[in-house]
Amino acid sequence: MRIAIVSDTHGDSYAIRRVIEQAGRVDAWIHLGDNTRDTEAFGKDGTPVYSVAGNCDFGGEKELRISLDGAEIFATHGHYYGVTAGTDRLAYRAEELGCNVALYGHTHIPKLDYDGKLYIINPGSPSCPRGGAPRTFAILTAECGSLNAKMMQL
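Reading the values: rules and limits
- Residues numbered from 1 in each chain as written.
- Predicted model: local features only at pLDDT ≥ 70, side-chain atom pairs only at ≥ 80, totals over all residues.
- Heavy atoms only, no water.
- Helix = DSSP H or I, 4+ residues; strand = E, 2+ residues; numbered from the N terminus.
- Rg over C-alpha atoms; globule rule 2.2 N^0.38 Å.
- Contact = heavy atoms within 4.5 Å.
- Buried < 20%, exposed > 50% of the residue type's maximum accessible area, 1.4 Å probe, protein only.
- Salt bridge = Lys/Arg side-chain N within 4 Å of Asp/Glu carboxyl O.
- Pairing = 2+ DSSP bridges.
- Axes fitted to C-alpha atoms, helices over the stretch in contact; angles between N-to-C directions.
- Arc of directions from axis to C-beta.
- Core = buried A, V, L, I, M, F, W, Y, C linked by side-chain atoms within 4.5 Å.

Asks: Kindly report on the overall build of the chain, identifying the contributing residues and their values.
Replies: For the chain, the count of helices and strands is 3 helices and 10 strands. Relative to the compact-globule value of 15 Å for 154 residues, the chain shows a C-alpha radius of gyration of 14 Å, a close match. C-alpha atoms of the chain, sized along the principal axes, occupy 35 × 35 × 30 Å. Partitioning the intrachain contacts of the chain with sequence separation of at least 6 by distance along the chain shows that 50% fall at a separation of at least 24.

See the structure below:
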């Protein structure tokens, strides 16, 4: 199963089109907030889309627990967990929920860490990256309980 992870799209239709084109065939999309209206574009072909609200969104879930082919995923935008100061609180919440993947956005800076039991992934931003980062999104592959993640640069 290929899962595309994107965050902080902020209504940039050009960046969204590029992400969809570059991602290719995926089995699910996860949008981590800051313009959840953009999820309509990702699900146009019927692909399931999961989303959480960011600090620039109004309404919606602040966090989700998603099970996809052995990937137990905790998804949140990150601002409720103080991710600008670090990801410890995010990791604790993921572990509390029994997840092996923790996803967040908010910082617009891509991050992919794995400590042997938990992936922590921030897909960055395809529309307005920060800190000198490139425009990015992430792909998580889940097959029979085996996980692999990679950052994709536009």
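Asks: I'd like a rundown of the environment of Glu143, residues and numbers included.
Replies: Considering the arrangement of structural elements, one finds Glu143 in strand β9 (residues 136-143). Judged by relative accessible area, Glu143 falls into the partly exposed class, the value being 49%. The residues contacting Glu143, other than those within four sequence positions of it, are Met1 and Asp69.

Asks: Mind laying out the pattern of salt bridges, listing which residues take part and the relevant values?
Replies: Inspection of every chain in the model, using the stated rule, returns 6 salt bridges. Between Asp27 and Arg25 there is a salt bridge, with its nearest N and O atoms 2.7 Å apart. Since its relative accessible area comes to 57%, Arg25 is described here as exposed. The shortest N-O distance in the salt bridge between Arg93 and Glu63 comes to 2.6 Å. Of this pair, Arg93 sits in helix α3 (residues 88-96) while Glu63 sits in strand β4 (residues 63-68); the two residues are 30 residues apart in sequence, bridging distant segments of the chain.

Asks: Which residues make up the sheet that holds strand β7 (residues 111-114), and what values go with them?
Replies: Pairing within the open sheet is mixed, and its 5 strands lie in the order β4-β5-β6-β8-β7. With partners counted over all chains shown, the strands left at the sheet margins are β4 and β7, one partner each. Each neighbouring strand pair of the sheet contributes to a mean axis angle of 15°, computed without reference to strand direction. Against the sheet, α3 engages β4, β5 (71-76), β6 (101-103) and β8 (119-122), with an angle of about 135° to β5.

Asks: Got a sec to walk through the sheet that holds strand β3 (residues 49-51)? Specific residues and values, please.
Replies: The mixed open sheet is built from 5 strands, whose spatial order is β3-β2-β1-β9-β10. Each having just a single partner strand, β3 and β10 (146-153) make up the two edges of the open sheet. Taking each pair of neighbouring strands and ignoring which way they run, the sheet shows an average axis angle of 20°. Pairing between strand β1 (residues 2-6) and β9: 4 bridges, direction antiparallel. Paired with Ala4 across the two strands is Ile139, which belongs to β9. The strands touched by helix α1 (residues 13-23) are β1, β2 (28-31), β9 and β10; relative to β9, the strand with the most contacts, the crossing angle is about 35°.

Asks: Break down α1 for me, with residues and values.
Replies: Quick reminder: α-helices carry 3.6 residues per turn. Residues three or four places apart thus point the same way. Looking at α1, one finds that the buried residues are Ala15, Ile16, Val19 and Ala23. All buried residues of α1 fall inside an arc of 100° around its axis, so they share one side. Considering only its buried residues, α1 is in contact with β1, β2, α2 (39-42) and β9. Once α1 ends, the next one or two residues include Gly24, with phi positive near 70°.

Asks: An account of the nonpolar core is requested, with residue identities and associated values reported.
Replies: Core analysis: the biggest nonpolar cluster contains 20 residues, and Ile73, Leu103, Ile121 and Leu140 have the highest contact counts within it. Taken together, the elements giving at least two residues each to this core come down to β1, β2, β4, β5, β6, β8, β9 and β10. In this structure, Leu103 is in contact with Ile5, Ile30, Leu32, Ile73, Phe74, Ala75, Thr76, Leu90 and Ile121, ignoring residues within four places of it in sequence. One finds Ile16, Trp29, Phe137 and Met152 within the second-largest nonpolar core, a separate group that totals 12 residues.

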